[in-house]
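A closer look at the structure
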Amino acid sequence: MSTITVEQLRTWLDEGGEVCIVDVRPLAERQEWSIPGSLHIDAYEALKAHDPEALAELQIPASQRVVTVCAAGKTSQIAAKQLRARGLSQVFSLEGGMQAWSLAWNSAHIPLPDHSIQVIQIRRTGKGCLSYLIGTGEEAVVIDASLDTEVYLDVAALHGWRITHVLETHIHADHISRSRLLAQQSGAMLLLPEQKRVSFPFTAIHDEEALAIPPLHLKAFHTPGHTMESTCYLLNGHILFTGDTLFTASIGRPDLQADKGEATLRAHALYQSLHRLLALPADRLILPGHTSTPVPFDKRPLMATLHEIDAQIDLLHAERVDFVHAVLSRLPAPPPNAERIIRVNEQGLLPDQPVSELEAGANRCAIF
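Because the structure is predicted, anything quoted here is derived from the model rather than measured.

Quick notes on the rules
Residues numbered from 1 in each chain as written. Predicted model: local features only at pLDDT ≥ 70, side-chain atom pairs only at ≥ 80, totals over all residues. Heavy atoms only, no water. Helix = DSSP H or I, 4+ residues; strand = E, 2+ residues; numbered from the N terminus. Rg over C-alpha atoms; globule rule 2.2 N^0.38 Å. Contact = heavy atoms within 4.5 Å. Areas by Shrake-Rupley, 256 points an atom, 1.4 Å probe, with all protein chains shown as cover. Lys, Arg positive; Asp, Glu negative; His and termini not counted. Charge placed at Lys NZ, Arg CZ, Asp CG, Glu CD. Pairing = 2+ DSSP bridges. Salt bridge = Lys/Arg side-chain N within 4 Å of Asp/Glu carboxyl O. Buried < 20%, exposed > 50% of the residue type's maximum accessible area, 1.4 Å probe, protein only.

Topic: the overall build of the protein
- The helix and strand tally for the protein stands at 12 helices and 18 strands.
- Relative to the 2.2 N^0.38 estimate, which gives 21 Å for 368 residues, the radius of gyration of the protein is 21 Å and therefore close to what a compact globule would have.
- For the protein, the spread of C-alpha atoms along the principal axes amounts to about 65 × 50 × 40 Å.
- Of the contacts made within the protein by residues no fewer than 6 positions apart, 63% connect residues no fewer than 24 positions apart.
- Here the protein displays about 15400 Å² of accessible surface, and carbon together with sulfur accounts for 52% of that area.
- Taking the average place of the 30 positive charges on the side chains of the protein and the average place of its 43 negative ones, the gap between the two points comes to 3 Å.

Thoughts on the sheet that holds strand 15 (residues 231-235)
- The strand order across the open sheet built from 6 strands is 13-14-15-16-17-18, with neighbouring strands paired in mixed fashion. In this open sheet, the two strands that pair with only one neighbour each are strand 13 (210-213) and strand 18 (304-305).
- Relative to strand 14 (residues 216-222), strand 13 runs antiparallel, the two being bridged by 4 bridges. Within the sheet, the bridge partner assigned to Ala210 lies in strand 14 and is Lys219.

A word on the pattern of salt bridges
- Summed over all chains, the structure comprises 16 salt bridges.
- Arg197 is paired through a salt bridge with Glu229; the nearest N and O atoms lie 3.0 Å apart. Of the two residues, Arg197 is situated in the loop between strand 11 (189-193) and strand 12 (203-205) and Glu229 in the loop between strand 14 and strand 15; the sequence distance between them amounts to 32 residues.

Some points on unusual backbone geometry
- Cis geometry is found at the peptide bond from Pro214 to Pro215, where omega equals 10 degrees.
- Not every positive phi belongs to a glycine, and Asp144 is a case in point at roughly 60 degrees.
- Summarising the element assignment, Asp144 is placed in the loop between strand 9 (139-143) and helix 6 (149-158).
- Relative accessible area serves as the criterion here: at 3%, Asp144 is assigned to the buried category.

That's the geometry; what it means functionally is another story.
What follows is the structure in structure tokens.
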């Protein structure tokens, strides 16, 4: 049975190659997360029962290159076998399924008026994690590393940069942070918001402090709420990296690893933090730490101006009491394995189990 790796499929999509991706998972799993542009046929049970008509409704040209996908790469092999039996010659099953796809990524360049600075948005397409590589001269800064360290090191090397600083916006709950390991491998300084949660050494960055690598100037804005240490970073007064405080269409949830009382306090803090950001000029460009939808391979950055976000999210205009009530009443289920992931990130170590198993599933750090 022919299979394909996540890296090969990622390369095909990144290069714009024509491929039909057939997702055979149950609908509920599909709705959680999916590969951008994929077709869905709810054939999981029929394929498990080896029903020869499981994919009968699927019409694909015999010359089409096809990749079948399931949760872990087993049922998709049955699907691929059935399609090959129908005469399709280029059919592959994705190794590891959606669990492995969690580590797939693509990137987009942020357009900037100052060409001496480049910002690259590095996106985990299935997981929705967004991290950033900011380069100037021969140096580079990474914010919220969520992928294998080789990704950042390779992209930096491609642009002639050496990673000198690695920053986090907060202690994450939906993915394993690679920031500490990246700092160790690159020799970079590791900067985290001031807090007493982690058990490893780091350089604390405080509210209103700035990292300066001329012409790059990165200023910290302490924005508690999603977590109490959450911090945003303003690049040269124009671009704001907001982590999980503010997204392009939502806001961060305040309840992870918190009881009802703590969640309420965080919601009040979040209200104040958001209004601090809203006081910035409306043309400031917001680059968030997550997106709740699969990221297509279109090289278009996920971003919005503060004005656009302010106009889209009605909750930003609510009074404090109404805001807190609405936030706490709209909380979705927590990210899968959130408690375990938080503990690992506080320790600064990689887990014993495969990362793809621990991180599998969609991002749920927004309230809606």
